[in-house]
Amino acid sequence: MSTPTIGVLALQGDVREHLTALESVGAHAVSVRRPAELAAVDGLVLPGGESTTIDKLLRIFELRDLLQTRIKEGLPVYGSCAGMILLADRILDGTADQQTVGGMDVVVRRNAFGRQVDSFETDLDLVGIPDVDGGGPVRTAFIRAPWIEEAGRDVEVLARIPAVDTQGRPVAAAGRIVAARQGPLLATAFHPEITGDTRVHGLFVGMVAGG
């Protein structure tokens, strides 16, 4: 597969930014709002936004069941921030009626880093990713971000919050899992699409093309 077609779920969130990042690393990127569009892609990005809103819209647009089926069939999916929550099999601090699409054997805590005013950027080492290793830390942005509270044995942990920040100050959330992979599923608590660092998108395009 030379140029994979990768969709970005276009119901809410950073859709345009993900489309731009995917195109910049060699994918043919398209918006996905309808079942026929979802059925036609080689991979899918679930963008950041509001996980409860995206959950409801998935059902309204009749995409949820098809997405679950395609994930079970092996569709590569990358979930960023709210997308991480949607990919989790289990969530903490969700609303009473909130559902996930599932697929990743993880427990994700919603809004784990706090409110919008607690948003921050940092550089992270993404361990064990050949496409990224050697290029230095990846610039990441956390906005009302979740983290992975527990990861199953088949989940590969790709990044954790470091013990100190770039100024050498201790970090309260040190050690929390913020990036993981399980088979064709990739999830990050952060937003790489808004920092200008496209290496996470490059990793995902490679996963889709290699599948």
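Scroll up to find the structure.
Now for a quick tour of the structure.

About the criteria used
- Residue indices begin from 1 for each chain and proceed along its sequence in written order.
- Note on the predicted model: pLDDT of at least 70 is required for a residue's local features to be given, and 80 or more for side-chain atom pairs to be given and counted; whole-chain, interface and lining totals, by contrast, use all residues.
- To obtain the side-chain values, all non-hydrogen atoms of the structure were used and water was disregarded.
- Secondary structure elements are defined from DSSP: runs of H or I of at least 4 residues count as helices, runs of E of at least 2 residues count as strands, and each element is numbered from the N terminus.
- Based on C-alpha atoms, the radius of gyration is set beside the globule rule, defined as 2.2 Å times the residue count to the power 0.38.
- Exposure categories follow from relative accessible area, calculated using a 1.4 Å probe and restricted to protein chains: below 20% of the type maximum is buried, above 50% is exposed, and the middle band is partly exposed.
- Contact definition: two residues touch when any of their heavy atoms are within 4.5 Å.
- Residue-level accessible areas treat just the shown protein chains as cover; the underlying method is Shrake-Rupley with a 1.4 Å probe.
- In this tally, Asp and Glu contribute negative charge and Lys and Arg positive charge; neither His nor the terminal groups of the chain are included.
- Lys charges are placed at NZ, Arg charges at CZ, Asp charges at CG and Glu charges at CD.
- Any carboxyl oxygen of Asp or Glu that lies within 4 Å of a side-chain nitrogen of Lys or Arg is treated as forming a salt bridge with it.
- Under this definition, polar contacts are N or O atom pairs within 3.5 Å; protein pairs additionally need one hydrogen-donor-capable and one acceptor-capable atom, and for neighbouring residues in sequence, both atoms have to be side-chain atoms.
- Along the arc lie the directions from the helix axis toward the C-beta atoms.
- Here the nonpolar core consists of buried residues drawn from Ala, Val, Leu, Ile, Met, Phe, Trp, Tyr and Cys, with membership extended through side-chain atoms lying within 4.5 Å.
- To estimate how far a helix should extend, the number of its residues minus one is multiplied by 1.5 Å.

Looking only at helices and strands, one finds six helices and twelve strands in the protein. Taking 2.2 N^0.38 as the reference for a compact globule, 211 residues should give roughly 17 Å; the C-alpha atoms of the protein span a radius of gyration of 16 Å, in line with that estimate. When the backbone C-alpha atoms are referred to their principal axes, the protein occupies close to 50 × 40 × 30 Å. The burial tally for the protein puts 49% of its 211 residues in the buried class. Across the protein, every contact between residues at least 6 apart in sequence was considered, and the portion connecting residues at least 24 apart equals 66%. Carbon together with sulfur atoms contributes 48% to the accessible area of the protein, which is approximately 9400 Å² in total. Of the side chains in the protein, 20 bear a positive and 27 a negative charge, and the two mean positions are spaced by 4 Å.

The topology assignment puts glutamate 193 in the loop between strand S12 (185-188) and helix H6 (199-210). An unpaired buried charge is present at glutamate 193: no salt bridge exists, and arginine 16, the closest side chain of opposite charge, is 11 Å distant. Here the side chain of glutamate 193 touches histidine 18 through a polar contact of 3.3 Å, side chain to side chain. Among the polar contacts listed, one links the side chain of glutamate 193 to the side chain of histidine 191, at a separation of 2.8 Å. Apart from the residues lying within four places of it in its own chain, the contact partners of glutamate 193 are Asp14, Glu17, His18, Ser80 and His201.

Attention now goes to unusual backbone geometry. Most of the time, phi is negative for any residue but glycine, and the peptide bond is trans. Look at glutamate 62: it is not a glycine, yet its phi comes out positive at around 55°. Position of glutamate 62 among the secondary structure elements: in the loop between helix H3 (51-60) and helix H4 (64-72). The exposed category is assigned to glutamate 62, whose relative accessible area is 63%. Although it is not a glycine, cysteine 81 sits at a positive phi angle of roughly 60°.

Turning to H4, a few remarks are in order. Along H4, the residues that are buried comprise Arg64, Leu67, Arg70 and Ile71. One side of H4 holds all its buried residues, which, seen down the axis, span an arc of 130°. Facing away from the buried side of H4, by more than 90 degrees, are the exposed residues Asp65 and Lys72. Contacts made by the buried residues of H4 are with helix H2 (35-40), strand S3 (43-46), H3, strand S4 (77-80), helix H5 (82-87) and S12.

It is worth spelling out the nonpolar core at this point. Counting 64 residues, the largest nonpolar core has Leu58, Leu67 and Phe142 as its most contacted members. Ranked by the residues each element gives to this core, the list is headed by H6, at six residues. Not counting the four nearest positions on each side in its chain, phenylalanine 142 is found in contact with Phe113, Ser119, Phe120, Thr122, Leu124, Ile161, Val178, Ala189 and Phe190.

This paragraph deals with H6. A rise of 1.5 Å per residue sets the reference length of H6, with its twelve residues, at 16 Å; its end C-alpha atoms lie 16 Å apart and thus fit the reference within 8%. Among all positions of H6, only Val200, His201, Leu203, Phe204, Val205, Met207 and Val208 are buried.

A word on the side chain of aspartate 197. Examined against the element boundaries, aspartate 197 turns out to sit in the loop between S12 and H6. Separated by 3.3 Å, the side chain of aspartate 197 and the backbone nitrogen of arginine 139 make a polar contact. Ignoring any residue separated from it by four or fewer positions in sequence, one finds aspartate 197 in contact with Pro137, Val138, Arg139 and Pro192.

Time to look at the pattern of salt bridges. In this structure the tally under the stated criterion is eleven salt bridges. Taking the shortest distance from any N to any O, the salt bridge between glutamate 37 and arginine 34 comes out at 3.3 Å. Note that aspartate 197 and arginine 199 form a salt bridge whose closest N and O atoms lie 2.7 Å from each other. If you follow the salt bridges from partner to partner, you end up with Asp93, Arg109, Glu149 and Arg176 in one network.

Here we take up the environment of glutamate 73. Tracing the backbone shows glutamate 73 in the loop between H4 and S4. Relative accessible area serves as the criterion here: at 61%, glutamate 73 is assigned to the exposed category.

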